[in-house]
Amino acid sequence: QVQLVESGGGLVQSGGSLRLSCAASGSIFSIIVMGWYRQAPGKQRELVATITTGGNTNYADSLKGRFTISRDNSKNTVDLQMSSLKPEDTAVYYCSVITRIRDQNSRSWGQGTQVTVSS
């Protein structure tokens, strides 16, 4: 099992920046992917970005160039740097990891953190 603790959410003006951080604990040696998802009001949860322990990244096409995901394997953290924020980015942002134990993949979720972008 993996526990995820998020920080960094809040209110920011349009055009501003915000950095989210997620710290993992528990079965950290089994983590193979870390990432961020978001869910806006009235919409389904969607991929923001993922990163493997080896450093391979994957972004939602619409967010490339504005959002950057990074990880620190020594601290078991994954960050999301958000720049040039727009009101459309307002959502609950969730940290998530995939673990692989005994040939079985499992997903864990954080509690979610609110990001609000004002115009």
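For the structure, see preceding data.
The rules behind the values
- Within every chain, residues take consecutive numbers counted from 1 along the sequence as written.
- For this predicted model, a pLDDT threshold of at least 70 governs which residues receive local features, and a threshold of 80 or more governs which side-chain atom pairs are given and counted, while totals over whole chains, interfaces and linings are taken from all residues.
- Note that the side-chain values use all heavy atoms of the structure and ignore hydrogens as well as water.
- Strands are treated as partners if at least two bridges between them are detected by DSSP.
- Comment: elements are numbered from the N terminus, with helices defined as DSSP H or I runs of at least four residues and strands as E runs of at least two.
- Throughout this description, the term salt bridge denotes a Lys or Arg side-chain nitrogen within 4 Å of a carboxyl oxygen of Asp or Glu.
- Between buried and exposed lies partly exposed: a residue is buried under 20% and exposed over 50% of the maximum accessible area for its type, with that area taken using a 1.4 Å probe on protein chains only.

Participant: What's the story with the pairing of strand β5 (residues 46-52) in this structure? I'm lost.
Facilitator: In regular strands, side chains alternate between the two faces of the sheet. As paired elements, strand β4 (residues 31-39) and β5 share 6 bridges and run antiparallel to each other. Paired with Val33 across the two strands is Thr52, which belongs to β5. Between β4 and β5, which pair antiparallel one after the other, the connecting turn spans 6 residues, and Gly42 there sits at a positive phi close to 80 degrees. Summarising the sheet, β5 and strand β6 (residues 57-59) pair through 3 bridges and their orientation is antiparallel. Among the inter-strand pairings, Ile51 is bridged to a residue of β6, identified as Thr57.

Participant: Is there a simple way to think about the pattern of salt bridges in this case?
Facilitator: A side chain with one charge may pair with a side chain of the opposite charge, provided their charged atoms come close. Taken as a whole, this structure holds 6 salt bridges when the rule is applied. In this structure, the salt-bridge partner of Asp89 is Arg38, at a minimum N-O distance of 3.0 Å. Taken together, the residues span a long stretch of sequence, with Asp89 in the loop between β8 (77-82) and β9 (91-101) and Arg38 in strand β4 at a distance of 51 residues. Like Asp89, the residue Arg38 is buried in the burial classification. Of the charged contacts, one joins Asp103 and Arg100 as a salt bridge, the two residues approaching to 2.4 Å between their closest N and O atoms. Residue class for Asp103 comes out exposed when judged on its relative accessible area of 60%. The structure contains a network of salt bridges with shared partners spanning Arg38, Glu46, Arg66 and Asp89.

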